[in-house]
Every structure is written in structure tokens, then in C-alpha cells.
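Here is what each chain is made of, one letter per residue.
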Amino acid sequence: CRFDIRSKEAKRYTFPKNPGIGNNDIRSVVHYNNKLYLGTRNSVIVFDIKTEMAKPLIEDFVSESSQIWNMMIDSKERLWFSTSFAIFCYDLKSAKLKRYTYNQEQLGYIGENYQNTFFEDKNKNIWLGSAGSGLFLYLPLSDSFQSFNTTNSEVIGNYIVNISQSKMGYLLIATNKGFS
């Protein structure tokens, strides 16, 4: 829905229910370059604010988990989004998609729980907060992740709700057990 403050009118948009375009069950919205990136139940829709037209970000992409949990566009113009089983990084300039999955036998893997939140800090580091596996730092040189959790760091809980940064540069990590 869009609400026009001046006219006090609301307009509702609906999308056709098909695997290519997604559906009307939207969990996450990111605004970028006069477009809204909508995380739906099974895909990412790009909604052009000026033309009011919608299209799938990636043709024939359907989430294996039937839910896009969260999204973020970083300073390098990459859309990060999560499903129950994977993290995706879509380069908006090159239209290339990278998929990261849980693999306990591989160093630098993401956790087995879905990612609740994404955050880019002042130094352009990408952080992921999971629903039970702790905090992850993206390591671009190795294209992998470093894990921080209750057993290897001072993070107070492994269920990360939100990540922010103080003016002094400290990460502020909200968990289901308190703040770190």
C-alpha cells in the first residue's frame, strides 16, 4: 500500500499469484534507486515506484523455503537476502547471484538457522545475525563467513534480533537474551 500524505489517499497494489512474480505476502521491503525490492513468500519482486510496474528480480527464481526472511542493499550495490536454508547475494550491477548455504564440514560456513538481519558497519563490513547460530562476518577475500557465538565470543545469545553500531564504532547486538 502507498499512502499520499498530501491527498490523504491510500492505494493498494496486488500482484498476480504465480511463481515468477511472487505473491502478495511481503515480509521485507528495501528502497533503492526509485524501486522497492519486496521479499515475498517465494521470491524478490522489483516494484518501480514511477511506473508502478512489478517484475521478478531473478527470472524463474523460487525460494526453496517459501519465504524471503530479510534483505539489505550494501554500499557495493549488492542485495543480500535470506531464506530458511541459504543466504543470497545478488549484484545489482552485474546481475550475478551467489548462494551461501550451511555446510558444517566447510570452514567459513553460515549457520544452520536462517538469518534474521543484515547490517553493514561504518567500515563496510557485512554482518549477519541468525536465528540461533549467532553472528556472522562476511570475509570478502575468502568469500566466506567468520562465526561469533556464545561459545567463541562475548555475544550473550545466539538468536540475533538486530545489529547496529554506536557513534564510537562498537557493534550493538540485540539478542533474545539481551544486548551485547
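Residues numbered from 1 in each chain as written. Predicted model: local features only at pLDDT ≥ 70, side-chain atom pairs only at ≥ 80, totals over all residues. Heavy atoms only, no water.

Take the sheet that holds strand β4 (residues 35-39) next. Hydrogen bonds along the backbone pair up the strands of a sheet, which may run parallel or antiparallel. Strand order across the open sheet formed by four strands is β3-β4-β5-β6, with antiparallel pairing between neighbours. Edge positions in the open sheet fall to β3 (28-32) and β6 (53-56), since each of these has one partner strand only. Taken pair by pair, the neighbouring strands of this sheet meet at an average axis angle of 25 degrees, ignoring direction. Bridging between β3 and β4 involves five bridges; their strand directions are antiparallel. Each bridged residue has a counterpart across the sheet, and for V29 the counterpart in β4 is L38. (Pairing = 2+ DSSP bridges. Helix = DSSP H or I, 4+ residues; strand = E, 2+ residues; numbered from the N terminus. Axes fitted to C-alpha atoms, helices over the stretch in contact; angles between N-to-C directions.)

Where charged atoms of side chains with opposite charge meet at close range, the side chains can pair. Tallied over the entire structure, the rule returns five salt bridges. Between R2 and E52 there is a salt bridge, and its shortest N-O distance comes to 2.8 Å. Of the two residues, R2 is situated in strand β1 (residues 2-4) and E52 in the loop between β5 (44-48) and β6; the sequence distance between them amounts to 50 residues. What makes R2 partly exposed here is its relative accessible area of 38%. According to the relative accessible area criterion, E52 is partly exposed, its value standing at 26%. Here K35 and D48 are joined by a salt bridge, their closest N and O atoms 4.0 Å apart. Of this pair, K35 sits in strand β4 while D48 sits in strand β5, and the two are 13 residues apart along the sequence. Residue class for K35 comes out partly exposed when judged on its relative accessible area of 28%. Through salt bridges with shared partners, one network takes in R2, K11 and E52. (Salt bridge = Lys/Arg side-chain N within 4 Å of Asp/Glu carboxyl O. Buried < 20%, exposed > 50% of the residue type's maximum accessible area, 1.4 Å probe, protein only.)

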